[in-house]
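Observations on chain architecture
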Amino acid sequence: MLTNGNREMMPSGLNQICPVCSSLAVVPTGKTHNLADVLSRWQSEAGTEFPESVWQEYTVPTARNTTLYQCLRCGFSMFAPTVVGNSAFYTAITAGQYYVEEKWEFIQGAKDIASLQAARILDIGCGSGYFLDLLKTKGMKCSGYEFSPEASEAARAKGHDIFNGPFPEALASTAPYDVICMFQVLEHLPDPIGFLRDARKLLRPEGVLIVSVPDANGPIRHFPDALTELPPHHVSRWCELTFRIGMPLLGFRVEKALYEPLPDYLWHTYLPVMWDSGIWPAEICRAANGLEDMGINDSVLWFIGEMRKYGAKLLYGVPSHTLYVVLKRDEKPTRSTISEFRTDADAKFENLSSAELLRLYKELLSYNRQYREKSDEECREEEMRMGRYRLEIGQRESYLVSQQKILIRQQDEFARRKEGLAERETTLAARENEFVKREEAISAKENKLVERAEGLTVRENELAGRAENLSIKEQRYEKLFIVRVARELKALFKT
Ligand SMILES: [Zn+2]
């Protein structure tokens, strides 16, 4: 398992380009999840106990939403904003039983590597080293690369060479490798395409990259809200078409794509929801036993019972969880077309382990033959329907692209209008400043006039005072004059 810290990669909203195939036809699927809700579900459904730091990381300051976007061309899907699991998150969810020891993809990988006679082998996301153990029992030496310190220690304790540290720098001195494996790694990463580019640099020319991912077109599509398929655990979804279209662009040739046969521990979960999707156990039931009247649950239980009797552990050819892809480093990136897409129907049934399964398989084939003869007409109709459907998808894609262009134009126009408004705002602010200045000047003048008026009042008062003084003096002189005149008149009368 591989964790890279909590990082947000893909932009949300408009202008999304598929990171795998560069198509513009990336659309929101309408599936949005709130990270606080997802963490709560881990606690209530899986009994996981998260430390406070995990809650803080994913829900503070606000509980974030993340939306699933899908590329209509290559089928690649990714959650944006992309919030991946940090090490505390993984420590909490792996406290139970998360690692599966015996995986079909490990056995397949060991077989493929043995046929390559590779000397330098690296398992990226090696966990506690189960795949390294398997290769060791077959006499092959393989190093591991792992982010989790606990898992690395467990693998080292078993004698494996484990690398830690930044990717790909931590491996630069031991490169190039003949084979690199990445089992269930890509869907955890914030930038899986950048990671694949870096991994390619660690391979020698014509070196082999073995990848496994959950098959988004497999039964998990019936459980889109399963906790393990949601962020922060899985942040991207892959299907065979994604590899067929995308990997040649990254400089890889697709050597083969295999589907995991359905393992017995998934029969009870997957078979009831897949029973009517054209899977071969259902057809065996109908062909070999005429059980058409049996309800789905009874059919499934009967079938599981029969398979257990034969000691079967894997149902070859029945869709399951994992898609397994072998890629070869190609020296020049090429453009792949969908017409290169091929599925080897017979390969699905390889490795039938018991005679009983082989008998059932033969019955199935004869049933299929009869069915096919009967329904040639239906097949032609189906083909026409598919053709129409593909046409519709093409039309929808071009419609969406044209809508996107319109939106981008509108966005530009809004941006321009916003700019114009900002300019006007600036002009208005300048004018306002001018008015304020003028107002200030006027009020200064007013103040000055008031001051002058006050000065005039003071002088007026002063003059009025002086005038009063003068009139008092005048009155006094007048009185004095009268007294003098009276005195002079008195003197005159005496004489
Ligand atoms: Zn794409």
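Remember, it's a predicted structure, so these values are computed and weren't measured experimentally.

**Section: the sheet that holds strand E13 (residues 322-329)**
The strand order across the open sheet formed by 7 strands is E6-E5-E4-E7-E8-E13-E10, and the pairing between neighbours is mixed. Among the strands making up the open sheet, the edge pair consists of strand E6 (162-163) and strand E10 (252-259). Sheet analysis places strand E4 (residues 121-124) next to strand E7 (residues 177-183), joined by 4 bridges and oriented parallel. Counterpart to isoleucine 124 in the pairing with E7 is methionine 182. Contacts between helix H4 (residues 104-114) and the sheet are confined to E4, E7, strand E8 (203-214), E10 and E13, with E13 contributing the most and set at about 25 degrees to the helix.

**A few points about the confidence of the model for the chain**
For the chain, the average pLDDT comes to 84, and 84% of its residues sit at 70 or higher. Per-residue pLDDT, averaged within each element of the chain, yields its smallest value for helix H12 (residues 355-374) (57) and its largest for E4 (98). Segment residues 1-14 is flagged for pLDDT under 50; beyond a separation of four residues in sequence, or across chains, it makes 47 contacts in the model. Segment residues 339-354 is flagged for pLDDT under 50; beyond a separation of four residues in sequence, or across chains, it makes 19 contacts in the model.

**Description of the nonpolar core**
By size, the foremost hydrophobic cluster in this structure holds 79 residues, and its most contacted members are Ile180, Leu209 and Val325. Domain assignment of the residues forming this core places at least three in each of domain 1 (12-96) and domain 2 (104-329). If near-sequence neighbours (up to four positions away) are discounted, leucine 209 is found in contact with Ile180, Ala199, Leu203, Phe252, Leu327 and Arg329.

**A closer look at unusual backbone geometry**
Residue proline 81 is bonded to the preceding alanine 80 through a cis peptide linkage, with omega at -5 degrees. Assignment of secondary structure puts proline 81 in the loop between strand E3 (77-80) and helix H3 (87-93). Omega for the bond connecting phenylalanine 167 with proline 168 falls within 30 degrees of zero, at 5 degrees, which places this linkage in the cis form. Mapped onto the elements of the fold, proline 168 is located in the loop between E6 and E7. Positive phi, normally seen in glycine, also occurs at serine 22, with a value near 65 degrees. Assignment of secondary structure puts serine 22 in the segment before strand E1 (26-34). Look at serine 22 and you get partly exposed, because 13 C-beta atoms sit within 10 Å. In this model, glutamine 184 sits at a positive phi of 55 degrees, which is unusual for a non-glycine residue. Tracing the chain through its elements places glutamine 184 in the loop between E7 and helix H7 (192-201).

Reading the values: the criteria
Residues numbered from 1 in each chain as written. Predicted model: local features only at pLDDT ≥ 70, side-chain atom pairs only at ≥ 80, totals over all residues. Pairing = 2+ DSSP bridges. Helix = DSSP H or I, 4+ residues; strand = E, 2+ residues; numbered from the N terminus. Contact = placed C-beta atoms within 7 Å. Axes fitted to C-alpha atoms, helices over the stretch in contact; angles between N-to-C directions. pLDDT = per-residue confidence, 0-100. Core = buried A, V, L, I, M, F, W, Y, C linked by C-beta atoms within 7 Å. Buried ≥ 20, exposed ≤ 12 C-beta atoms within 10 Å, placed from the backbone. Domains from an automatic or database assignment.

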